[in-house]
Amino acid sequence: MFSAYLDFIRIRFLMMLAYRVNYYSGILIYTLNIGVYYFTWQAIYGSQQTLGGFTADQMTTYVAVSWMARAFYFNNLDREIANDIRDGSVAIQFIRPYNYVFVKMMQGLGEGLFRLLLFMGPGMIIACILFPVKLPTDPAAWTAFLFMLLMSFLINSQINIFTGLLSFFVENNEGMMRMKRVLVDLFSGVIVPISLFPGWLSGIMKFLPFQAITFLPSSVFTGRIQGTGIWQVLGIQLLWFTILILPIFLMWRSARHRLFVQGG
Amino acid sequence: MVFYTSLIWEYMKNYIKTKLTYRADFWVEVLSDLLFQATNLIFILVIFQHTDSLGGWSEAEVVFVYGYFMIPYGIFMSFINLWGFSERYIVKGEMDRVLTRPAHSLFQVILENIDPPSIIGSFVGAVILGICWVQLDIPFGIVELLVLIVMVIGSVMIYTGVYTALTAISFFSDAPTGILPLMFNIQGYGRYPITIYNRLIQVVLTWIAPFAFVGVYPASYFLDQEITKSFALLTPVMGIVFLTGGILFWNYGVRKYRGAGS
Amino acid sequence: MLAIDVKDLRKEFNVQKNREGVKGAMLDLFRREYTKVRAVKDISFQIPKGEICGYIGENGAGKSTTIKMLTGILVPTSGDIRVNGFVPYQEREKFVRGIGVVFGQRSQLWWDIGVIESFQLLRKVYRVPEAEFKKRLDELVERLQLQDLLNRPVRKLSLGQRMRCELVASLLHNPSIVFLDEPTIGLDIVVKTEIREFLKQMNQRYETTILLTTHDLQDIEALCSRVIMLDDGRIIYDGGLDELKAKWGKGREVHFQFAAPFQLEQLQFLTAGLEVAWSIENEYTAKVWIPLEVNVSDVLSRVVGTTEITDIKIIETNTDDIVREIYKSGSAEESKLHLLGEEKVSNV
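Everything numeric here is computed off the predicted structure, so don't read it as measured data.

A.B. asks: Even after reading the chapter, I still don't get the overall build of chain C, so can you show me in this structure?
C.D. replies: On a plain count of helices and strands, chain C comes out with 13 helices and 13 strands. Seen through its C-alpha atoms, chain C measures out along the principal axes to roughly 75 × 55 × 50 Å. Taken over 348 residues, chain C has a buried fraction of 50%. Each charge sign in chain C was given a centre, from 48 positive and 52 negative side chains, and these centres are 9 Å apart.

A.B. asks: Would you mind showing me how to read the nonpolar core here?
C.D. replies: Core analysis: the largest hydrophobic core is formed by 199 residues, its most contacted members being Trp41(A), Met95(B), Tyr197(B), Ile4(C), Phe45(C) and Phe179(C). Once residues lying within four places of it in the same chain are set aside, the contact partners of Tyr197(B) are Val36(A), Phe39(A), Thr40(A), Tyr189(B), Tyr192(B), Gln202(B) and Leu205(B).

A.B. asks: Mind showing me how you'd approach unusual backbone geometry here?
C.D. replies: Glycine aside, residues mostly have negative phi, and peptide bonds are mostly found in the trans state. Residue and element names in this part refer to chain C. Residue Asp8 is not a glycine yet carries a positive backbone phi of 50°. Unusually for a residue other than glycine, Asn174 sits at a positive phi of about 50°. On the secondary structure map, Asn174 appears in the loop between helix 6 (159-171) and strand 6 (177-181). Look at Asn174 and you get partly exposed, because its relative accessible area is 34%.

A.B. asks: What is the right way to read the pattern of salt bridges from this model?
C.D. replies: Pairing between side chains of opposite charge can happen when the charged atoms of each approach one another. Residue and element names in this part refer to chain A. In the structure shown here, the tally under the stated rule is 29 salt bridges over all chains. A salt bridge links Arg115 to Glu111; the shortest N-O distance between them is 2.5 Å. Of this pair, Arg115 and Glu111 both sit in helix 6 (residues 100-130), four residues apart, roughly one helical turn. Assigned by exposure class, Arg115 and Glu111 land together as buried.

A.B. asks: Explanation requested: the environment of Pro193(B) in the structure shown.
C.D. replies: Relative to the elements of secondary structure, Pro193(B) occurs in the loop between helix 9 (180-187) and helix 10 (199-208). Setting aside chain neighbours within four positions, we find Pro193(B) in contact with Leu54(B), Trp57(B), Val62(B) and Val216(B).

A.B. asks: I keep staring at the packing of helix 4 (residues 77-86) of chain A against helix 7 (residues 139-165) of chain A and nothing clicks. Help me out?
C.D. replies: Residues and elements named next belong to chain A. The interhelical angle for the contact between helix 4 and helix 7, taken along N-to-C directions, is 25°, at an axis separation of 7 Å. In terms of their interaxial angle, helix 4 and helix 7 are classed as roughly parallel. The element helix 4 and its partner helix 7 pack so that their crossing is right-handed. Residue-level inspection shows Leu77, Asp78, Ile81, Ala82 and Ile85 of helix 4 in contact with helix 7, the latter providing Ser157, Asn160, Ile161, Thr163, Gly164 and Leu165.

Calculation notes
- Residues numbered from 1 in each chain as written.
- Chains lettered and ligands numbered in written order.
- Predicted model: local features only at pLDDT ≥ 70, side-chain atom pairs only at ≥ 80, totals over all residues.
- Heavy atoms only, no water.
- Helix = DSSP H or I, 4+ residues; strand = E, 2+ residues; numbered from the N terminus.
- Buried < 20%, exposed > 50% of the residue type's maximum accessible area, 1.4 Å probe, protein only.
- Lys, Arg positive; Asp, Glu negative; His and termini not counted.
- Charge placed at Lys NZ, Arg CZ, Asp CG, Glu CD.
- Core = buried A, V, L, I, M, F, W, Y, C linked by side-chain atoms within 4.5 Å.
- Contact = heavy atoms within 4.5 Å.
- Salt bridge = Lys/Arg side-chain N within 4 Å of Asp/Glu carboxyl O.
- Axes fitted to C-alpha atoms, helices over the stretch in contact; angles between N-to-C directions.
- Parallel < 35°, antiparallel > 145°, perpendicular 65-115°, else oblique.
- Left-handed = near helix turned anticlockwise from the far one by under 90°.

Dropping the structure here:
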C-alpha cells in the first residue's frame, strides 16, 4: 500500500519533468523575483542598520531562502481538489482503495521534490552567485531547516486541502481559493517578514498558522532565531500540523457522508 | 472595424447574460480580485512604516504609481483574460472550432473570455490616484487628463502585447499551465521606482518584459522625478511596438499550430 | 462543379518520443526526440456539388486529420486542396463563411445561456442579414422542432436536443458545404433517424454538399450515395455503397429449424452440386452459407420439400459485417492489394 503512495510521488515528478518551458522560465523568474526583492530591500534599508530585527544581509538571505522554500511548499492542491469535485471525478476517487487526501498530499510532495531538486537547487546556486546570500555552515542548522521545510510543506498543503475540500460545501470556491493564496503569500512572510508588520497585526499573526510556513523557518535559517528558540519554532510547526488535521478529517468525513447518503 | 465593434457588443451581452445566472459569484470574484491587488499595496504601506523614502520616492509617490497601475491593469484584465487558454483551447481542442469561424482567431478567443467585473479595479485605482494627486499637489487640467488617457491606452497595449505573446507560447509548448502564472509575479515590479534596481533588471523591466511602462514610467510624467520622465513619453510607442509584436507572434503560433496539429 | 477537390493530400506530424523513467524524462528535459508520423498518405478524391459522402475508417485512420485540412484548421504537408473554389488554409476567414462544421464531441454553443443567444452571436460572426437570418432560423427551428428549447440554457438540454441545436448553429449562414464529424455519436435511435431525415431533406432542397464521418454505418446507409473508406492514411475504397456491398458482401446465410432430428450428411446430400456450406448447431438447427453466385431459392426448394421445417431465417450480410471484414483485413497488405487491383480493373 505504501509503495502505491510512493508511486504517486514518482508519477507527479515525471509529469513535472515533461513540461520544459515551465521549467526553464521557472528558474529564470524565481531568480528575477529574488533579485527584485533584494534590490527593493536594499533601497528600503538605505542607511538604516536593522529593520524588524533583520540586518540588511540577513534580509537578503531571508528573501532568497523564503522564495526558495516557497518553490518547495507551493502547490495547487486546492485547485486540483476543487476541479475533481466540480467535474465529479472525486466520486471515482472514493471507490478506489486508497485515501484521496493522502494521494493528493503525495502528488504535492512529488511536485515539491521536483521543484526542490530542479528549481531550488540551481536557483539557490544562481542566487548565491549574484547576491550576497550567506548560508549557514553548521550542518545542524541545515538539518533543522530541511525538517522545517517539510513541515512548511505539510502545513501549507493542509491549508490547501482544506480550502479545496470547501468546494463540497460552497457552490463556487474560486474566490475563496484566491483569497487563501493572497493570505498565505502575505501572512506567511514571503513578501514582508512578519516582524515588520505593525504591532497589532503581527500580534494577530502569532495565533495563525501562516507564520509557520515561511517566517519562522526562514528566521531560523538566517540565524535570527537561535538556541532554544529553534525548538520553539519546531514546536509551533508540529502544533499547527496536529491542529489542522482535525478540520480536514471532519470535513472529509462529512463530505463522504454527503456523497454517499445524499447522493452528492 | 465596424464588424469587430459589433462583435464586441454581442459577446458582451452574452457575458452579462451568463453572469446573471450566477449572481452571487460576481461579488466574491470582484472582492478576491481586489484583495489580490491589495497585496502589493500592503507591502508598500508596511515598508513605509519603516522608512521615509524608497530610492528618493515618497510614500505618496509610490502609491500614486500603484494607483496608476491599477487603471490599465483593470482594463486589461476585463478585456484580455487569457488564463485558461492552453487548457481550454489547445488541450480540449476548442481552437479547432475558433478556426472554423470567420473572424480573427485572437479576437474570438479574447471575446469569449471577457471578464468585465475586473474593471472595478480600474475605478479603485483611479480613486487612489486621485487621492495621491491631491496630496502631492500636482496641477490637473485638460492636458494632464489627455496625457493620462494616452498613457493608459499605451500601457494597456503593452500588457495586451506581452500576454498575447506569452499565451501564444501554448501553440509551441505542451505545458498545460503555461508560464503565465509565473509571469504574474514579475508584473508588479514595474510599480516600484525603477532606479532602485540594478542595470540588468532595469533592462528587463524596460525592454524585455516592459512592465515599467505599465507603472513607474508613465506615472512619473506627472511626478517630480526627472530620471524616468523621458521614458514616460515612450509609453504609447512601446505600446504599439509590443502589441504589434504580440499579434504577429500569435499569428505565427496559429500558423505553427495549423501546421503541426494536435 | 466540384465542391471538394483533393489531390495527393499528405499530412505529417512530429510526435514527441517520451523516454522511459526518471532518467529518460531528465534527458527529455534537455533534448527532445521526435518521430515523424504520416497520418494522411497522398490521398486524392473529388466530391461534386450536392453529394452526400460518407467518410469512414477506424479510429486513427486519418479521418479527423483530413476533415481538419478540408476545413482550413490544419495546413497540409503537401498536396492540393480546393473546397468551394478556395484553398482552405489560405484566406481562411473568407473561406469558412461558406462552410458549416459540426464536431459531434464538442459544443459550439454557450453553455450557460439560452440557445437563441448563441445563434444571435453566430449571426453576427457570419454577418448574416437580420431578415435572412430570421427566415432561415424559423425554417430550421420548425423543421427540427426546437421552439421550446430556444430559451433554455445549453447545459439543461439533453444530448439529442443539443445536437439538433448544434446542427442549426452550423447551418444558420446557409453554407454550401457542411462537414459533420460524428454527428450522431451517443444519440438514441429516434434522434438519429430525425437527424438523418433532416440532413437528407436539406441536401435535396439546397443542394448542400455533405461530408460526414461516422462510426455508425446506418448513417451511411440512410444518407450516402458514396463512401470513402480510409485505412492507415490511405483510401482503400471510394465508390457507391451498393458496389461496396456487391464487392465485399460474400453471401447470405439461411438458418433452419427442423421438426425432427437430422444428420449433416442428409443436408449435404440434398444440396449436392451447389457450392454451399452447412454447419449444425444442434440436432434440430442448422445454418447454410450461400455465396452470391448461388440462388437462395434453389437451396430452399431442395430443402423445404423433403424435411419438415418449423422456422427459416434468411440473413443478408449487412454493411457492418462487410466493413468489419474490410477493417480486419485492411491492415493486411494482401487484401489491400487485392482490393486496389480490383479497383484498377474496374477503372479500365
